[in-house]
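For reference, the chains in residue letters:
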Amino acid sequence: MTAAPKISIIVPVYNVASYVGECLSSLVHQTFTDFEVIAVNDGSTDGSLAILREFEESFPFVHVIDQPNSGVSPARMAGLAMARGEYISFVDGDDYVVPNFLEKLYTAAVENDADIVCCNYYFRFETTGFTITYPWCWKSVLDRDKAMQRLIRDYSIQGFLWNKLYRRTLFTEHDIPFPAMCFEDMIMNRALFSHVQKVVTMRAPLYYYQQRHTSALNTMTPKKINDFFRMLVMTRRFLQELGEYDKFQFSYRILCGKTAFCSLYYILKMHMDHHRAAGFLTNLKKVSKSVRLFIGNDFDSLSEVSLDVVDAPRAETNYSH
């Protein structure tokens, strides 16, 4: 067994054969060299595993885990269990990074003794190749509470697990589970950030976030939208368990407002994709009612049943004589 690397990069892979080669190529040619790549094939059926094996044979620091399809959270957990690095980074299998991605993140972590470093990122649109930079990110060194405020507001620091470097002890010393749901990274990060002493944000964009027409946010279902609201409920319960809801209440209300606004678009898109208008207004009313409950004084009476906020588009009623 060789000495433990400074950084372990975990790459969950599921049916991204058209992209994962570019992803791994961007990783194996980093200017920083003391790292390992753990690629977790989550039951791909499109040839992704063969590409991973080619990189594993060519680069001794690339390791492949092949497991039955279980979802992105179990894939990341499998990678984390194998990771040996002092720091952890997550890169999605359909994204890629700039050549000095690891060098910049690691330097910032060491120079500032930071528990988490967040870099800026590019949106890259698959169909056109058009690329824009996320605009609300700047260089800063934050204590735990300021970092939590930004993260909860989903502003400047967003809930993605990628585009960040984490001290591995945040995972190993606090036994933080990966929820089996959509938007699980938002839940994970709130738990991870609650244990930090210092967080660094960087203005430089170092990560390319691919905008694919088949990505999670472009193929919305009632379950995905309801998981969006489940994330809100889990966030409030987490803050209450910490005894810090009052401290972060304003930020939580901002998050609820942003989630409701985004959900309007997701619901509209879902109904348009199904070519069905029936149930659209009902879904909007349920979103409004739920958000008021999530931020209100009656929150503790909320049941699991209440978390099914959005229904699938209904077929139009057929009237016959």
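(A) Spotlight on the pattern of salt bridges. Tallied over the full model, the rule gives 14 salt bridges. For Arg84, the salt bridge is made with Glu36, and the minimal N-O distance between the two is 3.6 Å. Highlighted residues: Arg84 in the loop between helix 3 (72-82) and strand 4 (87-90) and Glu36 in strand 2 (residues 35-42), separated in sequence by 48 residues. Residue classification places Arg84 among the partly exposed residues on the basis of a relative accessible area of 23%. Between Asp311 and Lys286 there is a salt bridge, with its nearest N and O atoms 2.9 Å apart. Placement of Asp311 in the segment after helix 10 (280-295) and of Lys286 in helix 10 is noted, with a sequence separation of 25 residues between them. Judged by relative accessible area, Lys286 falls into the partly exposed class, the value being 26%.

(B) Spatial organisation of the nonpolar core. Residues Phe171, Phe193, Phe229 and Phe294 are the most contacted members of the largest nonpolar core, which totals 59 residues. When residues in this core are grouped by element, the largest group, 9 residues, is from helix 9 (residues 245-274). If near-sequence neighbours (up to four positions away) are discounted, Phe294 is found in contact with Phe229, Leu232, Val233, Arg236, Tyr252, Cys256, Phe299, Leu302 and Val309. Counting 48 residues, the second largest nonpolar core, distinct from the first, contains Cys23, Val28, Leu52 and Val97.

(C) Molecular detail of the pairing of strand 6 (residues 116-125). Where burial is concerned, most of strand 6 is hidden: 8 out of the 10 residues are buried. Where strand 6 meets strand 9 (residues 164-167), 3 bridges bridge the pair, whose relative direction is antiparallel. By the bridge assignment for strand 9, Ile116 is matched with Tyr166. In sequence, strand 6 turns back onto strand 7 (residues 131-133) through a hairpin of 5 residues, with Gly129 there showing a positive phi of about 80 degrees.

(D) Just the packing of helix 8 (residues 222-242) against helix 9, in detail. Interhelical geometry of helix 8 versus helix 9 gives an angle of 175 degrees and a closest axis separation of 10 Å. Of the possible angle classes, the one that applies to helix 8 and helix 9 is roughly antiparallel. Residue-level inspection shows Pro222, Ile225, Phe228, Phe229, Met231, Leu232, Val233, Thr235, Arg236, Leu239 and Gln240 of helix 8 in contact with helix 9, the latter providing Tyr245, Phe248, Tyr252, Leu255, Cys256, Thr259, Cys262, Ser263, Tyr266, Ile267 and Met270. Split by residue class, the contact of helix 8 with helix 9 holds 17 nonpolar, 4 polar and 1 charged.

(E) Structural context of the side chain of Ser26. Following the sequence through the fold, Ser26 ends up in helix 1 (residues 20-28). Residue contacts for Ser26: discarding those within four places in its chain leaves Tyr96 and Val97.

(F) Up close: helix 7 (residues 184-193). Along helix 7, 10 of the 10 residues are buried, which leaves the element largely enclosed by surrounding structure. Every buried residue belonging to helix 7 is among Glu184, Asp185, Met186, Ile187, Met188, Asn189, Arg190, Ala191, Leu192 and Phe193, and all of these are buried.

(G) Spotlight on the pairing of strand 2. Of all 8 residues in strand 2, 8 are buried, a share of seventy percent or more. Residues Phe35, Val37, Ala39 and Asn41 of strand 2 are buried on one face, and the alternating residues Glu36, Ile38, Val40 and Asp42, pointing to the opposite face, are buried as well. Both strand 1 (residues 7-13) and strand 2 contribute to a ladder of 7 bridges, which runs parallel. Each bridged residue has a counterpart across the sheet, and for Pro12 the counterpart in strand 2 is Val40. Read as a crossover between parallel neighbours, the route from strand 1 over helix 1 to strand 2 is right-handed.

Calculation rules
Here the residue numbering is sequential within each chain, running from 1 through the sequence in written order. The predicted nature of this model means local features are confined to residues of pLDDT at least 70 and side-chain atom pairs, given and counted, to a pLDDT of 80 or more, with totals for whole chains, interfaces and linings taken over all residues. Note that the side-chain values use all heavy atoms of the structure and ignore hydrogens as well as water. One speaks of a salt bridge when a side-chain nitrogen belonging to Lys or Arg is within 4 Å of a carboxyl oxygen belonging to Asp or Glu. Runs of E in the DSSP output that reach at least two residues are strands. Runs of H or I that reach at least four are helices, and both are numbered from the N terminus. Burial classes follow relative accessibility: with a 1.4 Å probe on protein chains only, a residue under 20% of its type's maximum area counts as buried, one over 50% as exposed, and anything between as partly exposed. By nonpolar core is meant a set of buried Ala, Val, Leu, Ile, Met, Phe, Trp, Tyr and Cys residues that side-chain atoms within 4.5 Å join together. Whether two residues are in contact is decided by their heavy atoms, any of which lying within 4.5 Å being enough. By the convention used here, strands pair only if DSSP detects at least 2 bridges between them. Only C-alpha atoms enter the line fits that serve as axes; for helices the fit covers just the stretch in contact. Angles between N-to-C directions range over 0 to 180 degrees. Under this scheme an angle from 65 to 115 degrees is roughly perpendicular, one under 35 degrees roughly parallel, and one over 145 degrees roughly antiparallel; angles in between are oblique. Three categories are distinguished: nonpolar for Ala, Val, Leu, Ile, Met, Phe, Trp, Tyr, Cys and Pro, charged for Asp, Glu, Lys and Arg, and polar for the others, with Gly belonging to the last. Classification remark: right-handed applies to a crossover when, strands pointing away from the viewer, the course from the first strand over the helix to the second runs clockwise.

That's the geometry; what it means functionally is another story.
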